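A closer look at the structure
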Amino acid sequence: MPSASFSSTRSYTRRTRRKGTNRLPIPSRTSNSGGVVEAGVTCEPLVAASGSYATPGGASTSTSFQHVPPYDLRGRKSPLHLHDASTAGFNATAPVHPTATRPTSPTASATASVLQSAATPPLSQPARKRLRRNTSCTITSSDNSNSAAHYLQCELPDEVMLTIFSYLYEQDLCRIAQVCKRFQAIANDNNLWKRLYQSVFEYDTPLFHTENSRFDFIPFEESEHHNPWKESFRQLKKRCLHVRPHYNGTAKDPVRRMPHFETIQAGLDYADEHLNGGAKIFLHPGTYRGEFLVIDSDITLIGAAPGVVADAVILERETESTVMFVEGAKSAYLGHVTLKFTPNVTSTVPHHKHFCLEVGENCSPTIDHCIIRSSSVVGAAVCVSGAGANPRIHHCDVSDCENVGIYVTDHAQGTFEDNEICRNALAGVWVKNHANPVMRRNHIHHGRDVGIFTFDNGLGFFEANDIHNNRIAGFEVKAGANPSVVQCEIHHGQTGGIYVHENGLGQFIDNKIHSNNFAGVWITSNSNPTIRRNDIYNGHQGGVYIFGEGRGLIEHNNIYGNALAGIQIRTNSDPIVRHNKIHHGQHGGIYVHEKGAGLVEENEVYANTLAGVWITTGSTPVLRRNRIHSGKQVGVYFYDNGHGKLEDNDIFNHLYSGVQIRTGSNPIIKGNKIWGGQNGGVLVYNGGLGVLEQNEIFDNAMAGVWIKTDSNPTLKRNKIYDGRDGGICIFNGGKGNLEENEIFRNAQAGVLISTQSHPTLRRNRIFDGLAAGVEITNNATATLDSNQIFNNRFGGLCLASGVQPIVRCNKIFSNQDAVEKAVDNGQCLYKISSYTSFPMHDFYRCQTCNTTDRNAICVNCIKTCHAGHDVEFIRHDRFFCDCGAGTLNNQCQLQGEPTQDTDTLYDSAAPIESHTLMVN
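All values reported here derive from a predicted model rather than from experimental measurement. (Residues numbered from 1 in each chain as written. Predicted model: local features only at pLDDT ≥ 70, side-chain atom pairs only at ≥ 80, totals over all residues. Heavy atoms only, no water.)

**Things to note about the overall build of the chain**
Our working definition: Think of it this way: any DSSP run of H or I at least four residues long counts as a helix, any run of E at least two long counts as a strand, and we number them from the N terminus. Relative accessibility thresholds used throughout: buried, under 20% of the residue-type maximum; exposed, over 50%; partly exposed, between the two (1.4 Å probe, protein chains only). Here, residues are in contact when the closest pair of their heavy atoms is within 4.5 Å. In short, Shrake-Rupley with a 1.4 Å probe defines the accessible areas, and a residue's cover is counted only from the protein chains shown.
Broken down by element type, the chain carries 15 helices and 79 strands. Evaluated residue by residue, the chain yields a buried proportion of 57% over its 920 residues. Taking all contacts inside the chain whose residues are at least 6 apart in sequence as the whole, residues at least 24 apart take part in 55%. Taken as a whole, the chain presents about 35,700 Å² of accessible surface, with 47% of it coming from carbon and sulfur.

Below you can see the structure in the form of structure tokens.
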């Protein structure tokens, strides 16, 4: 049974001590036996064919003896051998048995010596040839020592051996592992090393010193090492010190030779004096108050505690800075601690420093996994300042401070990665005065001010940060600052996303900017940033808002789903807006007003709820080569003295007109394709002006161009064709100067002039229309000069009763005159018009049939269908025949089955005006 075996072992140990059995001495650090010195421990081969041993006094003794066959672990048949010096090194960490009381150094050494001597034959024994056995150990000597060795190596149960080994320190375990394969396997037990490791360093997970100034907790199951605890122990034990508050022991562990101190400053002083830099100081659980720590060497300060290490190790100070790194700290490390700066607000003692952590000139420490708190209402929790200041601060928590979180200034740099920066009273990050930090993957949120604030020529590279729920803007740029912001997510700001003002610059590239209460991006007061390849969406107001003489390059962005305009330009702002997609806005696409300007080119603006582009109140933007389409209202809307140039754009498939111009607006519209509008191509009304030149206006559901209500545009060299209604309709006092246009293949009149309008038509070609070429009706007039009107179905120039236009030098020829031919053939005019077009001829009403003023009857129906009735001639004008349409009580004798009931329409259908102003 194990208890009996353990009793026998104790008896054997006492027996060998009484008889003075031959025992190996513990080798010194300068042993000549080929051992490896690691972590202050010499781990040597304890049994060999020949070798030398250093005596405790330093003398070297040469020996030669026969190697005793070690225990054949688990019945393996291969010959066994000891590890050489290179593999016998101290490679990892070790635990202490939970029920064992750690012995003092002499006891542990005596235990190790007994185990070693039991496995070692007398030095005078001649060498013998090893006996080969497959299933059992062979002991060649019959003395007591060999019997004990046989018992220990072959018969004592593993559980008992583990209990014995749990009393040993790491140095002794390394030595014991060299006795035989069985001892090696037991001495490298993970649980054994875990307990030993935690008795020294206290960590729940192995901590590895993976590279210079880097420590990583790697879970046991993810480690590449066979025994992670042992390997971590080996890495951490080199040049290490320990600081424990209220430590009452000696200054140095007599076995491990690990110095212990009560204060951090005492440890720093010892490291500077005895270790010449590069030491690791482990800070054990407790609160270290009042120490003014100035680090000027490559020291490592690291918390050592179970659980969340930083919660248990706290450095706190009320005046000056809690920790300061100065010149000389090139590779210093501070990790896994909590830093607090808590000045006493009632104290009268002044303090000129207001920082929890301060990094000065010409130093580059690493700050890792620290919790940083400051209750000072001025200054910052972290300050990095001065040329050459270049720390690496990562995985830190800078939160709940009553001032700025991180402040980088005065040409400082630094790398800030994977930090949590939140709930600070002022900005999460300040960058100022030519400072140029790199900030990656930080989480900056719920601040009571701005998220990141760069100003006074601050720079910086900001990548993949998550910035959200800050009270002011997520990112603010001011006063010549010029940051680069790449692949960040800036969202749910209580005001805006990005705010660039007072000559701010910056490059904002590949970011996601969304769900902010105000505009996603604000640009104002002569600022000129670059906004490129961002997704700007779902803002509670607009997408990009440029005002107050703002500029900027806005390109290749995807702007959608915002409550107000995707891009708004106002008050003398003059940006460049190009290659963007602006779509599915709950308001309009681009809104330029209050003397806004800008170059807007090669954008795609589509599927917005209101106008694709609004231009108003003295604004003069230039729109070139844009695709503006599929809007739920107007494509481009000029109103209230909106001006500018609309050039080479493709404007199509809007629910209302492609372009509307009204109320004093006077744009230049040139070289555009305007097509597919459900309400027409271009509508000019309510005093609108404008020059329309060299445009293609086609395939619109209603008129290609409407001119009405005292509007007076100029149309030159346009092609207006294939309209599903008329080519150009001018009515309600509309004017206009139409020159050198080609108007062809439209379903209604090429040019319809009605209701007191008076345009001028010069040198136009109006041909191949499916109705009349030019129709003038309803008290309108016109000046027709040198036009060509030919090959139109109903006729060339059709004039209603009382119309007297000015007609000069026109060529009217080869028109089909289908109306006259139908009349001459005795047909009802409805046969050639249906109810979708309006041939001009004499029309009547029948008093016998009690027709209304809205009914009209053609001359052939009067002669045939209403023969003998009391009829009345009304006038010569545009109409379709209600008798032929079957809308009267008597069925038309010249037509077949009746069609739907409809009133005669004397003009083309009226256009739908934009609802933008009503919504706005």
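**A few points about the packing of aromatic side chains**
Stated formally: Stacked, edge-to-face and tilted labels apply to pairs of Phe, Tyr and Trp rings (six-membered ring for Trp) whose centres lie within 6.5 Å, assigned for plane angles under 30 degrees, over 60, and everything in between, in that order.
Under the criterion given, the structure shown has 34 aromatic pairs. With a centroid separation of 5.7 Å and an interplanar angle of 85°, the aromatic rings of F165 and F183 are classed as edge-to-face. Taken together, the residues span a long stretch of sequence, with F165 in helix 4 (residues 158-165) and F183 in helix 6 (residues 181-187) at a distance of 18 residues. Looking at F183, the relative accessible area reads 1%, which means it is buried.

**A short note on the sheet that holds strand 77 (residues 840-846)**
How we decide: Pairing between two strands is assigned when DSSP locates at least 2 bridges connecting them.
Taken in spatial order, the three strands make up an open sheet running 78-77-79, and their pairing is antiparallel. This sheet does not close on itself; its edge strands, each paired only once, are strand 78 (857-858) and strand 79 (871-878). The pairing of strand 77 with strand 78 spans two bridges and is antiparallel. Among the inter-strand pairings, F843 is bridged to a residue of strand 78, identified as C858.

**With respect to the state of the cysteines**
Here is the rule: Cysteine sulfur atoms are paired as a disulfide whenever they fall within 2.5 Å.
One pass over the full model with this rule turns up zero disulfides. Unpaired in this structure, C370 has its nearest cysteine sulfur neighbour in C396, at a distance of 4.7 Å. Of the cysteine sulfurs around C881, a residue in no disulfide, the closest is that of C861, at 3.7 Å.

**Observations regarding the pairing of strand 12 (residues 300-303)**
Here is the key point about a regular strand: its side chains alternate between the two faces of the sheet. Neither face of strand 12 is open: one carries T300 and I302, the other L301 and G303, and all of them are buried. Pairing analysis gives four bridges linking strand 9 (residues 280-283) to strand 12, with the strands arranged parallel. Across the sheet, the residue bridging to K280 is T300, located in strand 12. For strand 12 and strand 15 (residues 333-335), the ladder comprises three bridges, and the chain directions are parallel.

**A few points about the side chain of S515**
Mapped onto the secondary structure, S515 falls in the loop between strand 37 (512-514) and strand 38 (521-524). A relative accessible area of 12% means that S515 is categorised as buried.

**Quick notes on unusual backbone geometry**
Positioned with a positive phi, R533 is a non-glycine residue whose angle comes to about 55°. Looking at where R533 falls in the secondary structure, it is placed in the loop between strand 39 (530-532) and strand 40 (535-537). One non-glycine residue with positive phi stands out, namely D817, at about 50°. Relative to the elements of secondary structure, D817 occurs in the loop between strand 76 (811-813) and helix 11 (818-824). You can call D817 partly exposed: its relative accessible area is 35%.

**Overview of the confidence of the model for the chain**
What counts is decided by this rule: Every residue gets a pLDDT, meaning the predictor's confidence in that residue, from 0 to 100.
Per-residue confidence for the chain averages 83 on the pLDDT scale, and 80% of its residues sit at or above 70. In this model, residues 897-909 is a region of pLDDT below 50 whose contacts with residues beyond four sequence positions or in other chains number 47 contacts.

**So, the side chain of H242**
Put simply, the test is: Residues adjacent in sequence count toward polar contacts only when both atoms are side-chain atoms; beyond that, a polar contact is any pair of N or O atoms within 3.5 Å, and within protein one must be able to donate a hydrogen and the other to accept it.
With respect to the helices and strands, the residue H242 is situated in strand 7 (residues 240-243). A distance of 2.7 Å separates polar atoms of two side chains, one belonging to H242 and the other to H284. Not counting chain neighbours up to four residues away, the residues in contact with H242 comprise V200, F201, M258, P259, H260, F261, F282 and H284.

**Side note on the environment of F843**
Along the chain, F843 falls in strand 77. Judged by its relative accessible area of 1%, F843 falls in the buried class. Taking the C-alpha atoms as reference points, F843 and I857, 14 residues apart in sequence, are found 5.4 Å from one another.

**Things to note about the environment of T300**
Relative to the elements of secondary structure, T300 occurs in strand 12. Spatially, the C-alpha atom of T300 lies 8.2 Å from that of F282, the residues being 18 residues apart in sequence. Ignoring sequence-local partners within four residues, the contact set of T300 consists of F215, A279, K280, I281 and Y333.

**Some remarks on helix 8 (residues 228-237)**
Because each turn of an α-helix spans 3.6 residues, side chains separated by three or four positions end up pointing in the same direction. With 10 of its 10 residues buried, helix 8 lies for the most part within the structure. Turning to helix 8, its buried residues are P228, W229, K230, E231, S232, F233, R234, Q235, L236 and K237. Once helix 8 ends, the next one or two residues include R239, with phi positive near 50°.

**Brief notes about helix 9 (residues 264-275)**
The cut-off we apply is this: Here, expected helix span is obtained from the residue count minus one, scaled by 1.5 Å.
If you check helix 9, its first and last C-alpha atoms are 15 Å apart, about what 12 residues at 1.5 Å a residue would give, namely 16 Å. Positive backbone phi, at 55°, marks N276, one or two positions downstream of helix 9.

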